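Structural description and commentary
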Amino acid sequence: MLKLPIYLDNNATTPMDPRVLEAMTPYFLQHFGNAASRNHPFGWEAEEAVDYAREQVAKLIGADPKEIIFTSGATEADNLGIKGIFEMYASKGNHIITATTEHKAVLDTCKHIEKQGGEVTYLQVKPDGLIDLAELEAAIKPTTILIAIMYANNEIGTVMPIKEISAIARKHGVLVFTDATQAVGKIPVDVNKDGIDLMSFTAHKMYGPKGVGALYVRRKNPRVKVTAQMDGGGHERGMRSGTLNVPGIVGFGKACELCMLDMEADTLHIIKLRDKLETELLKLEEAYVNGSREHRLPHVANISFKHVEGEGLLMGFNKNIALSSGSACTSASLEPSYVLKALGLGDDLAHSSLRFGLSRFTTEEEIDYTIKAISDTVLKLREMSPLWEMYKEGIDLDSIEWAAH
Amino acid sequence: MAYSEKVIDHYQNPKNVGTLDKASKSVGTGLVGAPECGDVMRLQIEVNHETGMITDAKFKTFGCGSAIASSSLATEWLKGKSVDEALKIDNMSIVEELNLPPVKIHCSVLAEDAIKAAINDYREKNGMEKIKFEESVIH
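So, how was this worked out
- Counting restarts for each chain: residues are numbered from 1 in the order of the written sequence.
- The lettering of chains begins at A and the numbering of ligands begins at 1, in the order of writing.
- With pLDDT at 70 or above as the cut-off, local features in this predicted model cover only qualifying residues; side-chain atom pairs require 80 or more to be listed or tallied, and sums for whole chains, interfaces and linings still use all residues.
- Secondary structure elements are defined from DSSP: runs of H or I of at least 4 residues count as helices, runs of E of at least 2 residues count as strands, and each element is numbered from the N terminus.
- With the radius of gyration taken over C-alpha atoms, the globule rule is written as 2.2 Å times the number of residues to the power 0.38.
- Using C-beta atoms placed from the backbone, we call a residue buried if 20 or more other C-beta atoms fall within 10 Å of its own, exposed if 12 or fewer do, and partly exposed for counts in between.
- Think of it this way: build a C-beta for each residue from its backbone, and any pair within 7 Å is a contact.
- Charged residues are taken to be Asp, Glu, Lys and Arg, nonpolar residues to be Ala, Val, Leu, Ile, Met, Phe, Trp, Tyr, Cys and Pro, and polar residues to be all remaining types, Gly included.
- A pair of strands is considered paired only if DSSP assigns at least 2 bridges between the two.
- For helices, the fitted axis covers only the stretch in contact; all axes are lines through C-alpha atoms, and the angles between them, taken along N-to-C directions, range from 0 to 180 degrees.
- Throughout the structure description, domain borders are defined by an automatic or database domain assignment.
- We define the nonpolar core as any set of buried residues of the types Ala, Val, Leu, Ile, Met, Phe, Trp, Tyr and Cys, connected via C-beta atoms lying within 7 Å of each other.
- Multiplying 1.5 Å by the residue count of a helix minus one yields the expected span of that helix.
- Fitting axes to the seven residues ending at a residue and to the seven starting there, one defines the bend at that residue as the angle between these axes.
- Reported orientations rely on four angle classes, namely roughly parallel under 35 degrees, roughly antiparallel over 145, roughly perpendicular from 65 to 115, and oblique for the rest.
- Rotating anticlockwise by less than a right angle from the far helix to the near helix defines a left-handed crossing, while the corresponding clockwise rotation defines a right-handed one.

Section: the overall build of chain B
Counting its secondary structure elements, chain B contains 5 helices and 3 strands. Sequence-ordered secondary structure for chain B, helices as α and strands as β, is α-β-β-β-α-α-α-α. Taking 2.2 N^0.38 as the reference for a compact globule, 139 residues should give roughly 14 Å; the C-alpha atoms of chain B span a radius of gyration of 14 Å, in line with that estimate. By principal-axis analysis of the C-alpha atoms, chain B measures approximately 45 × 30 × 25 Å. Scored against the burial criterion, the 139 residues of chain B give a buried share of 50%. Summarising the internal contacts of chain B: among those between residues at least 6 apart in sequence, 62% fall at separations of at least 24.

Observations regarding the overall build of chain A
If you tally the helices and strands in chain A, you get 13 helices and 13 strands. Taking the principal axes of its C-alpha atoms as reference, chain A extends roughly 75 × 55 × 35 Å. When each of the 405 residues of chain A is scored for burial, the buried share is 53%. Within chain A, contacts between residues separated by at least 24 positions form 73% of all contacts whose residues are at least 6 apart in sequence.

Quick word on the interface of chain A and chain B
Across the boundary between the two partners, chain A contributes 25 residues, which contact 24 residues of chain B. Looking at the side of chain A that touches chain B, the elements that each hand over two or more residues are α9 (310-315), α11 (347-351) and α13 (386-392) of chain A. Its residues assigned to classes, the side of chain A that touches chain B comprises 13 nonpolar, 6 polar and 6 charged.

Focus: the sheet that holds strand β10 (residues 300-305) of chain A
Residues and elements named next belong to chain A. Taken together, 4 strands build an open sheet; the order of strands is β9-β10-β13-β12 and the sheet is antiparallel. Either end of the sheet is taken by a strand with one partner, and the two such strands are β9 (287-289) and β12 (324-325). Strands in contact with helix α8 (residues 246-281) are β9, β10 and β13 (353-357); relative to β10, the strand with the most contacts, it is inclined by about 10°.

Observations concerning the sheet that holds strand β1 (residues 27-34) of chain B
All names here are of chain B. Taken in spatial order, the 3 strands make up an open sheet running β1-β2-β3, and their pairing is antiparallel. Whereas interior strands pair on both sides, the edge strands pair on one side only; in this sheet they are β1 and β3 (54-62). Within this sheet the neighbouring strands show an average axis-to-axis angle of 10°, counted without direction. Looking at chain direction, strand β2 (residues 39-47) and β3 are connected through 8 bridges and run antiparallel. Directly across from valine 47, in β3, lies its bridge partner isoleucine 54. The sheet strands contacting helix α2 (residues 65-78) are β2 and β3, and the helix crosses β3 at an angle near 175°. Lying over the sheet, helix α5 (residues 105-125) contacts β1 and β2, oriented at roughly 145° with respect to β1.

Overview of the environment of threonine 61 of chain B
For threonine 61 of chain B, the position within the fold is in strand β3. Judged by the 31 C-beta atoms lying within 10 Å of it, threonine 61 of chain B is buried. A C-alpha to C-alpha distance of 19 Å links threonine 61 of chain B and isoleucine 89 of chain B, two positions 28 residues apart in sequence. Each residue touching threonine 61 of chain B, except ones within four places of it in the same chain, is listed here: Met384 and Pro386 of chain A together with Met41, Ala67, Ile68 and Ser71 of chain B.

Focus: the domain arrangement of chain A
Residues and elements named next belong to chain A. Looking at chain A, the domain boundaries give domain 1 (6-11 + 263-394) and domain 2 (18-259). Domain 1 puts 20 residues into the contact, and the matching count from domain 2 is 21 residues. Elements represented by at least two residues in the side of domain 1 that touches domain 2 include exactly β10 and α10 (338-342). The dominant element in the side of domain 1 that touches domain 2, judged by the number of residues it contributes, is α10, at 3 residues. Of the residues that constitute the side of domain 1 that touches domain 2, the class distribution is 8 nonpolar, 10 polar and 2 charged.

Quick word on the nonpolar core
If you look at the biggest cluster of nonpolar residues, it comprises 154 residues, and the most contacted ones within it are Leu146, Met160, Leu175, Leu198 and Tyr216 of chain A together with Ala114 of chain B. In this structure, this core is formed jointly by two domains, domain 1 (6-11 + 263-394) and domain 2 (18-259) of chain A, each of which donates at least three residues. Those residues in contact with alanine 114 of chain B that lie beyond four places of it in its chain are Gly30, Val32, Met41, Leu43, Ser71 and Ala74 of chain B.

Considerations on the pairing of strand β4 (residues 119-123) of chain A
Regular strands have side chains that alternate between both faces of the sheet. Where strand β3 (residues 95-99) of chain A lies against β4 of chain A, 5 bridges are found, and the strand directions are parallel. By the bridge assignment for β4 of chain A, isoleucine 97 of chain A is matched with threonine 121 of chain A.

Some words on α8 of chain A
Because each turn of an α-helix spans 3.6 residues, side chains separated by three or four positions end up pointing in the same direction. Between its terminal C-alpha atoms α8 of chain A stretches only 43 Å, short of the 52 Å expected from 36 residues at 1.5 Å a residue. When the local axis directions of α8 of chain A are compared, the greatest deviation, roughly 65°, occurs at aspartate 262 of chain A.

Some points on α5 of chain B
Residues and elements named next belong to chain B. Along its 21 residues, α5 runs 31 Å from first to last C-alpha, staying within 8% of the 30 Å computed at 1.5 Å per residue. Of all 21 residues that make up α5, 16 are buried, and the element is covered over most of its length. Directly beyond the C-terminal end of α5, a positive phi value near 75° is found at glycine 127.

Side note on the packing of α2 of chain B against α5 of chain B
Between two packed helices, both the angle of their axes relative to each other and the distance between the axes serve to describe the pair. Residues and elements named next belong to chain B. Remark: α2 packs on α5, axes separated minimally by 8 Å, with the N-to-C direction vectors making an angle of 40°. Compared by their axis directions, α2 and α5 come out oblique. Between α2 and α5 the crossing geometry is right-handed. Two secondary-structure elements touch here, α2 through Ser66, Ala67, Ser70, Ser71, Ala74 and Leu78 and α5 through Cys107, Ser108, Leu110, Ala111, Ala114 and Ile115. Here the contact of α2 with α5 is built from residues that sort into 8 nonpolar, 4 polar and no charged.

Quick word on the packing of helix α3 (residues 41-60) of chain A against α8 of chain A
Residue and element names in this part refer to chain A. Between α3 and α8, whose axes approach to 8 Å, the crossing angle comes to 30°. You can see that α3 and α8 cross each other, and the crossing is left-handed. Touching Ala46, Ala49, Val50, Tyr52, Ala53, Gln56, Val57, Lys59 and Leu60 of α3 are Val246, Ile249, Val250, Phe252, Gly253, Lys254, Cys256, Glu257, Cys259 and Met260, all from α8. Class assignment of the residues belonging to the contact of α3 with α8 gives a composition of 14 nonpolar, 2 polar and 3 charged.

A few points about unusual backbone geometry
Residues leucine 4 of chain A and proline 5 of chain A are joined by a peptide bond in cis, for which omega reads -5°. Within the fold, proline 5 of chain A resides in the segment before β1 (6-7). Residues asparagine 221 of chain A and proline 222 of chain A are joined by a peptide bond in cis, for which omega reads -5°. Relative to the helices and strands, proline 222 of chain A resides in the loop between β8 (213-217) and α8. Not every positive phi belongs to a glycine, and asparagine 16 of chain B is a case in point at roughly 65°. One non-glycine residue, asparagine 99 of chain B, lies in positive phi territory at about 55°. Summarising the element assignment, asparagine 99 of chain B is placed in the loop between α4 (91-98) and α5. Accessibility expressed as a C-beta count within 10 Å gives 13 for asparagine 99 of chain B, which makes it partly exposed.

Printed below as a string of structure tokens:
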């Protein structure tokens, strides 16, 4: 039986896997100890649980457990990674290279650094959402200390060429930070094969709990250090103070273990459904996929339906299907998605986009329902869209002098 | 953001969607907004020359639910009014009727602008001077 509403906003957050909750439960009431309490069994149990989770997390990304710094989530890990490097390597330089399509947690951190006297280069992306490697290399200067490029984009799912990026960085002795929030647990990520020095990721995008994430910090070749951004008890090898969120960390570990075990099966299942959704929706006239289709996360599809507005479109079914739109109207700013605009999409196409994020729990029945609901709404709204009528009459919409707001 | 019942009703059952013959002298067409801003409204009125009454009104809107509802409501209000009465429709009465939140007030402004633009188009076609309106503040 189809259960409504359907959740297809898994880039925002995923539901927790019941197996994760099961692993966490004893750490709320029974084993509630502080992992930093060294002198009694409550502390020992908690520490042991954290150590085990640290191994599970490290294993998923091919790291050593000592290289995992637990945080409150990816935003904190982004801040710690980027600001921490900027401060720690101040004597070496002050220049950071990033891209315009990064998450706000990275972009705003970079802006903060600019105010602190740092210099930041924001690389443009190509229409497929990927950066140009030659441009990246050309942007490196003697003062460059860090390249911060995301593993995969949260809005369009585009997967960046991290291996190639890190090869360039190595050549110039620059560190690589990557926000891998959307990628870890979904596609194989290996910090050694990928040449990553620092990496942020979070549990709640991979069927784990909210409020726990991690920063991977390389310990060998080269040994990387970050300046702590919070003062306190010196937890996490002095890089992140604060009592560890033991149940959250246990859940994070379990989520990582499950992603590792299930990744192949999950991917097969998700790709099949995503491709069905995409193929069917692209049968509508003037529907376009945003971002690279080749270099893309298996669970993401970002599609623009020309001449209908995204929020108006969502309203047709948002009681029954949870989705997100790149339209301005869903935000207070009235600006459409900066990521879609960075691809060179006109504001009109950016306003017309929907982002689909599938999960291991998505069913074919849900996808069939979604295809029908969206197709029906697009057709209905086009019937009442003046732009669609003009398009059908062969009027070039760019030739019209719009009264700009 | 939750929509008011009235917005949802207009969105689900929009009144007067369609197109009038824009070449006809008795039809005035107002096209306002811009695709880049995420709203375009086209509002048309058909006027009886002798009585000065609006006999029909149609709209098509590209935009969010509030924009669709604002234009749908505007066409309902226009029908049966004289052109002079139609000029008195202001955006705040649309806001009140639809319970639009502050972030959606621009939708009602757009509807008011569309009414004025349609009336001016009708006047121009029939040898009358265009009425000069004050610039909308919200745009």
